[in-house]
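Geometric and topological summary
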Amino acid sequence: MQALSAMAIAPHLYEYTLVRYTDPLHATELLRQYRPYLEMIPSLRRPQESLIPIPLPIAHIQLPAATTANQRPQVKSVMVPCDLVFVMCDPEWKVKTDIELLVFIHRPGESFTELLTRWRQSQVLLSRSYSWDMPLQHRDVFSEGANRQLPLFVLFQETLAVIKRGLKAARLPYVIDTTILKEQPSPTTKLMTGSSETTE
(Lines give C-alpha, C1' and ligand atoms only; values in the text may rest on other atoms or scores of the structure.)
Protein backbone atom coordinates (compact mmCIF):
# COMPACT_ATOMS: atom_id res chain seq x y z
CA MET A 1 0.00 0.00 0.00
CA GLN A 2 2.84 2.38 0.84
CA ALA A 3 4.59 1.75 -2.49
CA LEU A 4 1.35 2.48 -4.35
CA SER A 5 0.91 5.72 -2.44
CA ALA A 6 4.41 6.85 -3.39
CA MET A 7 3.41 6.61 -7.05
CA ALA A 8 0.76 9.30 -6.46
CA ILE A 9 3.32 11.91 -7.55
CA ALA A 10 2.67 12.17 -11.27
CA PRO A 11 5.63 12.54 -13.66
CA HIS A 12 4.24 15.85 -14.98
CA LEU A 13 4.39 17.28 -11.44
CA TYR A 14 8.10 16.55 -11.19
CA GLU A 15 8.77 17.87 -14.71
CA TYR A 16 6.81 21.06 -14.11
CA THR A 17 8.68 21.73 -10.87
CA LEU A 18 12.09 21.14 -12.43
CA VAL A 19 11.31 23.42 -15.36
CA ARG A 20 9.85 26.15 -13.16
CA TYR A 21 12.77 26.43 -10.77
CA THR A 22 15.32 26.43 -13.57
CA ASP A 23 14.19 30.04 -14.05
CA PRO A 24 16.14 32.32 -11.64
CA LEU A 25 13.05 34.40 -10.81
CA HIS A 26 11.06 31.32 -9.83
CA ALA A 27 14.09 29.89 -8.03
CA THR A 28 13.95 32.93 -5.78
CA GLU A 29 10.28 32.15 -5.11
CA LEU A 30 11.25 28.66 -4.03
CA LEU A 31 13.83 29.98 -1.57
CA ARG A 32 11.24 32.35 -0.10
CA GLN A 33 9.71 29.21 1.37
CA TYR A 34 12.92 28.64 3.35
CA ARG A 35 14.14 32.00 4.57
CA PRO A 36 17.65 31.01 5.79
CA TYR A 37 18.56 30.19 2.17
CA LEU A 38 16.78 33.23 0.74
CA GLU A 39 19.03 35.44 2.85
CA MET A 40 22.10 33.87 1.22
CA ILE A 41 21.26 35.34 -2.22
CA PRO A 42 23.77 38.17 -2.82
CA SER A 43 21.18 40.54 -4.33
CA LEU A 44 17.42 40.00 -4.35
CA ARG A 45 17.09 43.02 -6.65
CA ARG A 46 19.18 41.25 -9.30
CA PRO A 47 18.17 37.59 -8.99
CA GLN A 48 19.05 36.67 -12.58
CA GLU A 49 22.66 37.69 -11.94
CA SER A 50 22.86 36.53 -8.32
CA LEU A 51 21.39 33.04 -8.63
CA ILE A 52 22.39 30.64 -11.40
CA PRO A 53 20.26 27.47 -11.52
CA ILE A 54 21.81 24.47 -13.25
CA PRO A 55 19.33 21.64 -13.94
CA LEU A 56 20.63 18.05 -13.75
CA PRO A 57 24.13 19.41 -13.12
CA ILE A 58 27.44 18.00 -14.32
CA ALA A 59 30.55 18.39 -12.16
CA HIS A 60 34.13 18.06 -13.37
CA ILE A 61 35.81 16.25 -10.47
CA GLN A 62 39.55 16.18 -10.01
CA LEU A 63 40.91 12.73 -9.25
CA PRO A 64 44.23 12.27 -7.44
CA ALA A 65 47.27 11.65 -9.60
CA ALA A 66 48.57 8.11 -9.88
CA THR A 67 51.82 7.21 -8.21
CA THR A 68 53.55 7.11 -11.59
CA ALA A 69 56.02 9.98 -11.94
CA ASN A 70 55.07 13.03 -13.99
CA GLN A 71 51.40 12.03 -14.22
CA ARG A 72 48.94 14.88 -13.70
CA PRO A 73 45.66 14.64 -11.84
CA GLN A 74 42.78 13.48 -14.00
CA VAL A 75 39.39 15.14 -14.34
CA LYS A 76 36.23 13.09 -14.55
CA SER A 77 32.84 14.51 -15.55
CA VAL A 78 29.90 13.09 -13.59
CA MET A 79 26.23 13.87 -13.21
CA VAL A 80 25.54 14.88 -9.63
CA PRO A 81 22.31 13.14 -8.49
CA CYS A 82 20.50 16.32 -7.45
CA ASP A 83 17.87 17.91 -9.67
CA LEU A 84 19.18 21.46 -9.51
CA VAL A 85 22.16 23.29 -8.15
CA PHE A 86 21.81 26.97 -7.31
CA VAL A 87 25.15 28.72 -7.74
CA MET A 88 25.29 32.00 -5.83
CA CYS A 89 27.12 34.77 -7.65
CA ASP A 90 28.14 38.33 -6.79
CA PRO A 91 26.40 40.38 -9.50
CA GLU A 92 29.03 43.12 -9.43
CA TRP A 93 32.20 41.05 -9.57
CA LYS A 94 30.76 38.05 -11.45
CA VAL A 95 32.36 35.75 -8.87
CA LYS A 96 30.51 32.88 -7.22
CA THR A 97 30.19 32.82 -3.46
CA ASP A 98 31.32 30.01 -1.19
CA ILE A 99 27.80 28.56 -0.85
CA GLU A 100 25.93 26.28 -3.24
CA LEU A 101 22.42 24.96 -2.80
CA LEU A 102 21.63 21.44 -3.99
CA VAL A 103 17.92 20.94 -4.66
CA PHE A 104 16.35 17.49 -4.54
CA ILE A 105 12.84 17.28 -5.98
CA HIS A 106 10.86 14.27 -4.81
CA ARG A 107 10.56 11.99 -7.83
CA PRO A 108 7.60 9.72 -8.66
CA GLY A 109 7.89 6.45 -6.74
CA GLU A 110 10.98 7.58 -4.80
CA SER A 111 11.27 6.28 -1.23
CA PHE A 112 12.86 8.10 1.70
CA THR A 113 15.97 5.92 1.41
CA GLU A 114 16.35 6.68 -2.30
CA LEU A 115 15.84 10.40 -1.79
CA LEU A 116 18.34 10.57 1.07
CA THR A 117 20.83 8.42 -0.88
CA ARG A 118 20.91 11.01 -3.66
CA TRP A 119 22.02 13.64 -1.13
CA ARG A 120 24.64 11.33 0.38
CA GLN A 121 26.00 10.44 -3.07
CA SER A 122 26.23 14.14 -3.88
CA GLN A 123 28.18 14.75 -0.68
CA VAL A 124 30.68 12.03 -1.59
CA LEU A 125 31.12 13.26 -5.17
CA LEU A 126 31.64 16.88 -4.13
CA SER A 127 34.07 16.06 -1.34
CA ARG A 128 36.89 16.36 -3.92
CA SER A 129 38.00 19.42 -5.85
CA TYR A 130 35.50 20.09 -8.62
CA SER A 131 34.02 22.68 -10.94
CA TRP A 132 30.57 22.94 -12.52
CA ASP A 133 29.75 22.65 -16.18
CA MET A 134 28.19 26.11 -16.36
CA PRO A 135 25.38 27.21 -18.72
CA LEU A 136 26.65 28.88 -21.88
CA GLN A 137 25.58 32.38 -20.83
CA HIS A 138 27.54 32.01 -17.56
CA ARG A 139 30.74 30.45 -18.87
CA ASP A 140 32.64 33.56 -17.77
CA VAL A 141 31.81 32.90 -14.11
CA PHE A 142 34.54 31.20 -12.09
CA SER A 143 32.94 27.83 -11.37
CA GLU A 144 35.27 26.12 -8.92
CA GLY A 145 33.44 24.22 -6.19
CA ALA A 146 32.39 25.82 -2.93
CA ASN A 147 33.27 24.84 0.62
CA ARG A 148 29.60 24.57 1.60
CA GLN A 149 27.00 22.51 -0.23
CA LEU A 150 23.61 22.84 1.40
CA PRO A 151 20.60 20.68 0.53
CA LEU A 152 16.97 21.65 0.04
CA PHE A 153 14.32 18.98 -0.50
CA VAL A 154 11.19 19.87 -2.47
CA LEU A 155 8.23 17.72 -1.53
CA PHE A 156 4.57 17.74 -2.56
CA GLN A 157 1.27 17.31 -0.83
CA GLU A 158 1.23 13.78 -2.27
CA THR A 159 4.57 12.92 -0.65
CA LEU A 160 4.24 10.23 2.01
CA ALA A 161 4.24 11.46 5.61
CA VAL A 162 7.06 9.04 6.45
CA ILE A 163 9.38 10.92 4.06
CA LYS A 164 8.57 14.23 5.72
CA ARG A 165 9.17 12.67 9.15
CA GLY A 166 12.44 11.17 7.98
CA LEU A 167 13.81 14.48 6.69
CA LYS A 168 12.70 16.23 9.86
CA ALA A 169 14.38 13.58 12.00
CA ALA A 170 17.58 13.93 9.95
CA ARG A 171 17.37 17.73 10.38
CA LEU A 172 17.36 18.29 6.64
CA PRO A 173 15.43 21.30 5.29
CA TYR A 174 12.43 20.73 3.06
CA VAL A 175 9.49 22.67 1.65
CA ILE A 176 6.07 21.49 0.51
CA ASP A 177 5.62 23.00 -2.94
CA THR A 178 2.03 23.72 -4.00
CA THR A 179 2.80 26.07 -6.90
CA ILE A 180 1.43 23.76 -9.57
CA LEU A 181 -1.90 23.55 -7.74
CA LYS A 182 -2.20 27.34 -7.82
CA GLU A 183 -1.10 27.88 -11.41
CA GLN A 184 -2.49 24.97 -13.40
CA PRO A 185 -6.11 23.99 -13.90
CA SER A 186 -7.32 20.76 -12.41
CA PRO A 187 -6.56 17.77 -14.68
CA THR A 188 -10.25 16.88 -14.49
CA THR A 189 -11.27 20.21 -16.01
CA LYS A 190 -12.31 19.83 -19.66
CA LEU A 191 -13.11 22.50 -22.20
CA MET A 192 -16.46 21.87 -23.85
CA THR A 193 -16.27 21.98 -27.65
CA GLY A 194 -17.98 25.07 -29.02
CA SER A 195 -18.76 26.39 -25.55
CA SER A 196 -17.06 28.44 -22.83
CA GLU A 197 -18.43 26.11 -20.16
CA THR A 198 -16.21 23.72 -18.24
CA THR A 199 -16.99 20.63 -16.28
CA GLU A 200 -15.23 19.61 -13.10
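The rules behind these values
- The residue numbers shown here count from 1 along each chain, following its written sequence.
- Selection of residues for local features in this predicted model requires a pLDDT of at least 70, selection of side-chain atom pairs for listing and counting requires 80 or more, and totals for whole chains, interfaces and linings are taken over all residues.
- Each side-chain value is derived from all of the structure's non-hydrogen atoms; neither hydrogens nor water enter the calculation.
- Within this document, salt bridges are pairs made up of a side-chain nitrogen of Lys or Arg and a carboxyl oxygen of Asp or Glu, the two lying within 4 Å of each other.
- Three labels apply to residues, based on accessible area from a 1.4 Å probe with only protein chains included: buried if under 20% of the type maximum, exposed if over 50%, partly exposed otherwise in between.
- Secondary structure elements follow DSSP: runs of H or I of four or more residues count as helices, runs of E of two or more count as strands, with numbering from the N terminus.
- A pair of strands is labelled paired if DSSP reports no fewer than 2 bridges between them.
- The convention used is that axes are lines fitted to C-alpha atoms, helices contributing only their stretch in contact, and that angles between N-to-C directions extend from 0 to 180 degrees.
- Two rings from Phe, Tyr or Trp (for Trp, the six-membered ring) form a pair when their centres are within 6.5 Å of each other. A pair whose planes differ by under 30 degrees is stacked, one over 60 is edge-to-face, and the rest are tilted.

This paragraph deals with the pattern of salt bridges. The final tally for this structure, using the stated rule, is 5 salt bridges. Put simply, E29 and R20 hold a salt bridge, and the shortest N to O gap is 2.6 Å. Given a relative accessible area of 37%, E29 falls into the partly exposed group. Exposure remark for R20: the relative accessible area of 8% places this residue in the buried category. The salt bridge involving R118 is made with D83; its shortest N-O contact spans 3.1 Å. Placement of R118 in helix α6 (residues 112-125) and of D83 in the loop between β3 (74-79) and β4 (84-90) is noted, with a sequence separation of 35 residues between them. Assigned by exposure class, R118 and D83 land together as buried. Salt bridges sharing partners connect three or more residues here, namely D83, R107, E110 and R118.

Our focus in this paragraph is the sheet that holds strand β6 (residues 130-132). Reading across from one edge, β3-β2-β6 is the order of the 3 strands in this open sheet, with antiparallel pairing throughout. Of all strands in the sheet, those with a lone pairing partner are β3 and β6, marking the two edges. Taken pair by pair, the neighbouring strands of this sheet meet at an average axis angle of 25 degrees, ignoring direction. In this sheet, β6 lies alongside strand β2 (residues 58-63) in antiparallel orientation, the contact comprising 3 bridges.

Right, let's talk about the packing of aromatic side chains for a bit. Throughout the structure, instances matching the rule amount to 4 aromatic pairs. Taken together, a centroid distance of 6.0 Å and an interplanar angle of 75 degrees make the contact between F104 and W119 edge-to-face. Placement of the pair is F104 in strand β5 (residues 95-105) and W119 in helix α6, with a sequence separation of 15 residues. One exposure class covers both F104 and W119, and it is buried. Centre to centre, the rings of F104 and F153 are 5.2 Å apart; their planes meet at 25 degrees, and the pair counts as stacked. Residue F104 is located in strand β5, and its partner F153 is located in strand β7 (residues 148-155); the two are separated by 49 residues in the primary sequence. Across this residue pair, the class does not change: F104 and F153 are buried. Taken together, the aromatic side chains of F104, W119 and F153 make up a single cluster linked through ring pairs.

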